[in-house]
Amino acid sequence: MKARAQTYRVLHFFDAAGTVAVPGLLTGEVLNTSDVLVSTLALTQNTVMPDLYLATAIQFSGPATYTVNWLYNGALIFSEQLDVGYDPVPDFRLSIPEDLRYSYAAAE
C-alpha cells in the first residue's frame, strides 16, 4: 500500500475471508519501523460494499515505511506494509492494462 507524505490518506480493510461478524470489534493500528504505535484507526463499514471498512483519514509527515495491523477483538487478522513518500510509485504499472478481477471470479 502507498501513501503520499503531507497528504491525508484513508486506509481500508477488505474482509475477503468474512472474519468480521461484529464491525465494532474491528480496529487498526499503525506502527513505525521500531514497532512503536503511531496511530490507532477507527473503522466504519461501507454501506454499498459491506465487506469494505474505511478508517479515519491519517496524514504522515515524511517518507517512511509503516506496518498497518488490522485487529478483530484484539487479535491480529491481517498485517500489511505502508510505504509513504513524497512521490510514491503506484502499485500498478502505468500505460499497461491490468486485469483487476479476482482469479476465482473468472466464470462470473
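Overview of the structure. Because the structure is a prediction, the values reported are computed rather than measured. (Residues numbered from 1 in each chain as written. Predicted model: local features only at pLDDT ≥ 70, side-chain atom pairs only at ≥ 80, totals over all residues. Heavy atoms only, no water.)

Brief notes about the environment of Tyr66
- Note that Tyr66 resides in strand S8 (residues 64-72).
- Taking relative accessible area as the criterion, Tyr66 reaches 11% and is therefore assigned buried.
- For the pair formed by Tyr66 and Ser34, sequence separation is 32 residues and the distance between their alpha carbons is 9.2 Å.
- In contact with Tyr66, other than residues within four places in its own chain, are Val30, Leu31, Asn32, Val38, Phe60, Glu80, Gln81, Leu82 and Val84. (Helix = DSSP H or I, 4+ residues; strand = E, 2+ residues; numbered from the N terminus. Buried < 20%, exposed > 50% of the residue type's maximum accessible area, 1.4 Å probe, protein only. Contact = heavy atoms within 4.5 Å.)

Quick word on the environment of Ile77
- One can find Ile77 in strand S9 (residues 75-85).
- A relative accessible area of 30% places Ile77 in the partly exposed class.
- Separated by 51 residues in sequence, Ile77 and Leu26 place their C-alpha atoms 9.6 Å apart.
- Setting aside residues up to four positions removed in sequence, Ile77 forms contacts with Phe13, Thr19, Leu26, Trp70, Leu71 and Tyr72.

Looking at the packing of aromatic side chains
- In this structure the tally under the stated criterion is three aromatic pairs.
- Residues Phe13 and Phe78 carry aromatic rings whose centres are separated by 6.5 Å and whose planes lie at 50° to one another, so their mutual orientation is tilted. On the criterion of sequence distance, the pair formed by Phe13 in strand S3 (residues 12-14) and Phe78 in strand S9 is long-range, its members being 65 residues apart.
- Given a relative accessible area of 8%, Phe13 falls into the buried group. (Phe/Tyr/Trp six-rings, centres within 6.5 Å; stacked < 30°, edge-to-face > 60°.)

Note that all results are geometric; they support no functional claim without further evidence.
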